[in-house]
Structures are given as structure tokens and as C-alpha cells.
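Spelled out, the chains give:
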Amino acid sequence: MQKERVQDIVVSIIVLAISFLFYINTKTLTPPADIFPKVVIGIFSILGVILLVKAIFYRKYGEEADEETPEKVDMKRRWFSITGLLAYIFLVPILGFYVTSGIYLVLVSISLNDEKISVKSLVKPITIASLVMLALYGTFTVFLRVPVPGGIFI
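All values derive from a computational prediction rather than experimental measurement. (Residues numbered from 1 in each chain as written. Predicted model: local features only at pLDDT ≥ 70, side-chain atom pairs only at ≥ 80, totals over all residues. Heavy atoms only, no water.)

A. Expanded view of the overall build of the protein. Counting secondary structure elements, the protein contains five helices and zero strands. If you list the helices and strands of the protein from N to C, you get α-α-α-α-α. A globule of 154 residues ought to have a C-alpha radius of gyration of about 15 Å, yet the protein, at 20 Å, is considerably larger. Overall size of the protein, expressed as C-alpha extent along the three principal axes, is 55 × 50 × 25 Å. Out of the 154 residues in the protein, the part that is buried amounts to 19%. By element, 72% of the accessible surface of the protein is carried by carbon and sulfur atoms, the whole surface being about 11600 Å². Averaging the coordinates of the 15 positive side-chain charges in the protein and doing the same for the 12 negative ones gives two points 6 Å apart. (Helix = DSSP H or I, 4+ residues; strand = E, 2+ residues; numbered from the N terminus. Rg over C-alpha atoms; globule rule 2.2 N^0.38 Å. Buried < 20%, exposed > 50% of the residue type's maximum accessible area, 1.4 Å probe, protein only. Areas by Shrake-Rupley, 256 points an atom, 1.4 Å probe, with all protein chains shown as cover. Lys, Arg positive; Asp, Glu negative; His and termini not counted. Charge placed at Lys NZ, Arg CZ, Asp CG, Glu CD.)

Shown next, in the form of C-alpha cells:
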């Protein structure tokens, strides 16, 4: 319990230090090229602060009744995620970034879901993947005009 608290404090301090170093390195970027890195660094910093506050002030730290231990985690899900990630890396140049990312998000969401596969259980992963892909398209293609790997579908 105490060991986990110390580990989280150390990790949060490392995250905040990395955020600070990255922020200093973005000082040389000119607008609007500096927007995306600064937003990512800001989110990274906020998560580091949240972890630090949790580690310092949360009283029942590490006492949550979690039935699943790392030994009990379903190995099929782990291997599916790893092979899915490798397939994603292989398929991005072939199918394109947006198509491959959408398919990957849907399949991983479905595999991590504990519900039986039905039409109702597929609506949420497909909706979330569509919204994420729309946000990525808006960010990279429309706003930042960054070229992404195209494939046979783009």
C-alpha cells in the first residue's frame, strides 16, 4: 500500500518534469505549429498533477477491493491487443491511417467489452470510434494540415 503511494509520487514527478522539459523545447516553435504540442503537454501535466494529488491526499490508497489481479487478467485479451497493435502497424501503410485506426478502435473496444456481442453492444464502440476518427481527421487533416499515411481507400 505505502509502496504504491511512493511509486505513484515518483511517477507523477517524472511526468511533470518531462512535461516541463517538453514545454521548454516548444518555445522555439512558431504559431500555429506550437498549438498541438502545447495542448498535449498541458494534458500530460494535468494528468501528472492528478496522480500526484491522488497519491498524496487519497486516504484509502491501495485498499480498493479489486478482484482481478494481474495474474487473473485474461491472457486472450492481452494477446489479442498485442497482435492487433502489430497488425495495425502493418496495415496503416496499406489501408491508410483513418481506415486502419477506425477498424482497430472498434475491434479493441469490442474485445475489451465484457458483454456478449450483439447489435446493441456494437453501437457504443462504433459510435466512439467514429467520433474519435472524426476528431483525428479534423485535427490532422483540416486544422494542422499534416499528411497522414494514405492507403488503397484514400
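Here the narrative resumes.
B. Here's a closer look at the pattern of salt bridges. All chains considered together, the criterion is met by one salt bridge. Residue Lys38 is joined to Asp34 by a salt bridge in which the shortest nitrogen-to-oxygen separation is 3.3 Å. Here Asp34 falls in the buried class, since its relative accessible area comes to 10%. (Salt bridge = Lys/Arg side-chain N within 4 Å of Asp/Glu carboxyl O.)

C. How the structure looks around a nonpolar patch on the surface. Where nonpolar side chains cluster on the molecular surface, the patch consists of Val6, Val10, Ile14, Ile18, Phe20, Leu21, Phe22, Ile24 and Phe44 and spans about 810 Å² of accessible area. With eight residues, the top contributor of residues to the nonpolar patch is helix 1 (residues 2–25). You can see Phe22 is positioned in helix 1. (Patch = residues over 30% accessible without salt bridge, like charges linked within 9 Å, V, L, I, M, F, W, Y side chains within 5 Å.)

D. Main features of helix 4 (residues 97–112). For helix 4, built from 16 residues, the straight-helix expectation of 22 Å at 1.5 Å per residue is met to within 8% by its first-to-last C-alpha distance of 22 Å. Among the residues making up helix 4, those that are buried are Phe97, Tyr98, Thr100, Ser101, Gly102, Val106, Val108 and Ser111. (Expected span 1.5 Å × (residues − 1).)

E. Just the packing of aromatic side chains, in detail. The full count for this structure, using the stated rule, is five aromatic pairs. Judged by centre distance (5.2 Å) and plane angle (40 degrees), the ring pair of Tyr88 and Tyr104 falls under tilted. Within this pair, whereas Tyr88 is found in helix 3 (residues 75–95), its partner Tyr104 is found in helix 4, the two being separated by 16 residues in sequence. A relative accessible area of 23% places Tyr104 in the partly exposed class. Aromatic side chains Phe97 and Phe140 sit 6.4 Å apart centroid to centroid with 90 degrees between the ring planes, which places their arrangement in the edge-to-face category. Remark: Phe140 occurs in helix 5 (residues 119–143) and Phe97 occurs in helix 4; sequence separation between them is 43 residues. Judged by relative accessible area, which is 16%, Phe97 ranks as buried. One aromatic cluster in this structure is built from Phe36, Phe97, Tyr98, Tyr137 and Phe140. (Phe/Tyr/Trp six-rings, centres within 6.5 Å; stacked < 30°, edge-to-face > 60°.)

F. Just the domain arrangement of the protein, in detail. The assigned domain composition of the protein is domain 1 (2–67) and domain 2 (75–143). The C-alpha-based centres of domain 1 and domain 2 are spaced at 26 Å. (Domains from an automatic or database assignment.)

G. Examining unusual backbone geometry more closely. Of note, the bond from Pro31 into Pro32 is cis; its omega dihedral lies within 30 degrees of zero at 0 degrees. By the element assignment, Pro32 lies in the loop between helix 1 and helix 2 (35–57). Even without a glycine there, the phi angle at Arg145 is positive, about 55 degrees. For Arg145, the location among the structural elements is in the segment after helix 5. Assessed through its relative accessible area of 69%, Arg145 is described here as exposed.

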